[in-house]
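Remarks on the overall topology
Now for the letters of each chain:
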Amino acid sequence: MSATMLRRHHDDEPATWPRYLRPGLLAAALIAVLVVGVQTLAPLVNPPVESIRIDGAMKRLQAADIAGAADLEPDQRLFDTDLVELRARIEALPWVAQAQVSRVWPDKLAVKLVERVPFARWGDSQVIDRDSRVFTPAADEIPQTLPQLSAPQGHEAEVAAVYEELRLRLADSAWSPM
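Below you will find a few notes about this structure. (Residues numbered from 1 in each chain as written. Predicted model: local features only at pLDDT ≥ 70, side-chain atom pairs only at ≥ 80, totals over all residues. Heavy atoms only, no water.)

Quick look at the packing of aromatic side chains now. Taken as a whole and judged by the stated rule, the model has two aromatic pairs. Seen in terms of ring centroids, W95 and F135 are 4.9 Å apart; in terms of plane orientation they differ by 75°. Their pairing is edge-to-face. Within this pair, whereas W95 is found in the loop between α3 (83-91) and β2 (96-104), its partner F135 is found in strand β6 (residues 134-135), the two being separated by 40 residues in sequence. On the basis of relative accessibility, which here comes to 2%, the residue W95 falls in the buried class. With a relative accessible area of 5%, F135 lands in the buried category. (Phe/Tyr/Trp six-rings, centres within 6.5 Å; stacked < 30°, edge-to-face > 60°. Helix = DSSP H or I, 4+ residues; strand = E, 2+ residues; numbered from the N terminus. Buried < 20%, exposed > 50% of the residue type's maximum accessible area, 1.4 Å probe, protein only.)

In this section: the pattern of salt bridges. Applying the stated criterion to the full structure yields nine salt bridges. Between E85 and R89 there is a salt bridge, with its nearest N and O atoms 2.5 Å apart. Taken together, the residues E85 and R89, both in helix α3 and four residues apart, mark about one turn of the helix. Residue R133 pairs with D131 through a salt bridge whose shortest N-O separation is 3.2 Å. The exposure class of D131 is exposed, given its relative accessible area of 53%. The network of salt bridges with common partners includes R116, D129, D131 and R133. (Salt bridge = Lys/Arg side-chain N within 4 Å of Asp/Glu carboxyl O.)

Consecutive side chains along a regular strand alternate between the two faces of the sheet. Where strand β4 (residues 118-122) meets strand β5 (residues 126-129), four bridges bridge the pair, whose relative direction is antiparallel. Paired with R121 across the two strands is V127, which belongs to β5. If you look at the hairpin formed by β4 and β5, you'll find three residues sitting between the two strands, and G123 has a positive phi there, around 65°. Pairing geometry for β5 and β6, over two bridges, is antiparallel. Looking across to β6, one finds that V127 is bridged to F135. Linking β5 back to β6 in an antiparallel pair, the connection comprises four residues, with S132 at a positive phi of about 65°. (Pairing = 2+ DSSP bridges.)

Now the structure itself:
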């Protein structure tokens, strides 16, 4: 017998993976752990929106108007919410002059509103605001105590400025418009 010993394979010895497969198996195991970890942690990092906080003076708007325009799904996630689209939907409301929308972690959206200040009725069914922007609220929301102005499209600011100048000049006279 020689001095070299051969090792025999026995059925009771555990099988081992070939050395060239071990890095691939390790990578697959790490990916599986990452996938399970992300799925487990995602609801904690990106929770559902529970409420909308509304800041800003509202005389004609109601919180329900803002919530209706937001139109969030019941399971809408905080970081899955498209703030640009949400802002556009809120600013589409007639009485909203400007809106800013932000996320407040862990589970809120914040909306800061600037409500339009009506300056005059415009034509038969519209209103012009203090920034000379014409908008169309519901007919029953148009203040009938406002003066009524009208002009061709594109002349809103000019007509509003002339009216304001006349109103100031006639303020202490018998011909005061207001």
